[in-house]
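Report on the structure
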Amino acid sequence: MKAVILVGGQGTRLRPLTLATPKPMVPLANKPFVSYVLEHLKENGIEDIVFSMGYLPEGIKSYFGDGSGFGINLAYVVEDHPLGTAGAVKNVEQHVRDGDFLVLNGDILTDLDIRAMIEQHRVKEAVGTISLTPVEDPTAYGLVSIGEEGEVLGFLEKPSWDQIDTNLINAGIYVLKGEVLDMIPAGVEYSFERGVFPRLVGKGLYGFSSNAYWMDIGTPEKYLQAHYDILEKNVETSVSDCLDSDFVCLQGKVNLETGAKLVPPVIIGDGTTIKAGARVGRMAVIGAGCTIATGCAIEESIVQEGARLHEGVRVRQSIIASGADIGPGTVVAGGAIIGENASIGGDNILTNHIRIYPDTVVKKGSIKF
Ligand code: GTP
């Protein structure tokens, strides 16, 4: 079976991380996010994969090439304007015309049993099967009601509590029959969620509900949470083995000076230096080639490749993008995001979900937010 991964979106909610880097290439535990999607597909026996792209396609193409380095076959189709989720699949029709195929949103981290989902699709002779996942707060989502046989009964957009009879939401992974392509107009924006699926209710549309791990990494909070879940092994990924039983994963040669402290779980990238008197963890992912100076404390945070943290920098529940330079004594906390190559002078306080754009220069002591 072939799979289409939708990676054409601009990822606006994850800005500034997605201004120069498309969401699929934003690192998760130091690897491009979408490489986890590819690994998951391969584990489920799916090796012919089409990327449906739009925004910043070049970085993805040059990293994955024809897929042979990853043991898969990759094809790329680039839209000249956004076509929406279904329009984007119509646009790759030549790759998936024959038989059933899989569609995945490109920003989902999951260990869903895709083989079992395909099996159910075949047993039910479904026209379409939507993966469904339960949520704690059903009022915040579009809900999907299913009957006893798994048939989709209807969709409910952000309902009030008295309307709710399900806690299942669309998990962004579909198995579809080729004939579904005939329902999608070519060359215009069209969505599965609002266009195709409502028209298929009662006509062979099924849900596949499961309690598999599921996280849409599209917001900073969920992107951080996905890291915490990888660090705690709440989801099985290719970095789980490296974390081993002590929950410390050193991804290569790490220069850990005597007196530097790692508090598990932590992941540290190749070539990073952690100086004496610095503390990293608990819950921290540090990229390759970073420098963490004396007196720094980093917890529940991500520091991407090549970032430099000078003496006494404290980072909590925040994200520092690649190449950023953080001056002595600065505090980065409370969901702050520091963009790529930003240069932050010492003695700043950056909190309250502040977002500093890439390459920005912030002078010493100028922000107490
Ligand atoms: P936000 O701007 O933060 O909402 O993110 P997004 O642009 O990624 O949108 P959203 O999270 O709703 O998209 C879900 C998935 O569908 C993502 O993997 C997107 O890359 C993909 N996607 C959304 N719209 C399009 C589109 O027009 N074309 C293609 N090819 N993919 C799309």
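1. Thoughts on the site of the ligand
Around the ligand, a shell composed of 18 residues is seen, among which L6, T12, R13, E79 and G84 lie nearest. Side-chain polar atom of K23 to an oxygen atom of the ligand: 2.8 Å apart, as the coordinates give it. At 2.7 Å, a side-chain N or O of E79 approaches a nitrogen atom of the ligand. Here the ligand, which alone exposes 610 Å², has 80% of that area covered by the protein. A breakdown of the residues in the shell around the ligand according to their chemical character gives 5 nonpolar, 9 polar and 4 charged.

2. Remarks on the domain arrangement of the chain
Its domain assignment divides the chain into domain 1 (2-219) and domain 2 (244-362). Each side of the interface is counted separately: domain 1 has 11 residues, and domain 2 has 17 residues. Carbon and sulfur atoms supply 59% of the area buried between domain 1 and domain 2, which totals about 980 Å² over both sides. Broken down residue by residue, the surface that domain 1 buries against domain 2 is led by P16, L17 and N30, which jointly contribute 53%. Linking domain 1 to domain 2 there are 0 salt bridges. The interface formed by domain 1 and domain 2 includes 5 residue pairs in polar contact (both at pLDDT 80 or more). Of the residues assigned to the side of domain 1 that touches domain 2, the class counts are 7 nonpolar, 2 polar and 2 charged.

3. A word on the sheet that holds strand 31 (residues 349-350)
Read across the open sheet, the 6 strands follow the order 16-19-22-25-28-31; overall the sheet is parallel. Looking at the sheet topology across the chains shown, the edges are occupied by strand 16 (261-263) and strand 31. For strand 28 (residues 331-332) and strand 31, the ladder comprises 2 bridges, and the chain directions are parallel. Directly across from V331, in strand 31, lies its bridge partner I349.

Conventions we followed
- Residues numbered from 1 in each chain as written.
- Predicted model: local features only at pLDDT ≥ 70, side-chain atom pairs only at ≥ 80, totals over all residues.
- Heavy atoms only, no water.
- Near = heavy atom within 4 Å.
- Polar contact = N/O pair within 3.5 Å; in protein donor to acceptor, adjacent residues only side chain to side chain.
- Areas by Shrake-Rupley, 256 points an atom, 1.4 Å probe, with all protein chains shown as cover.
- Nonpolar A, V, L, I, M, F, W, Y, C, P; charged D, E, K, R; others polar.
- Domains from an automatic or database assignment.
- Contact = heavy atoms within 4.5 Å.
- Buried area = accessible area lost by both parts, 1.4 Å probe.
- Salt bridge = Lys/Arg side-chain N within 4 Å of Asp/Glu carboxyl O.
- Pairing = 2+ DSSP bridges.
- Helix = DSSP H or I, 4+ residues; strand = E, 2+ residues; numbered from the N terminus.

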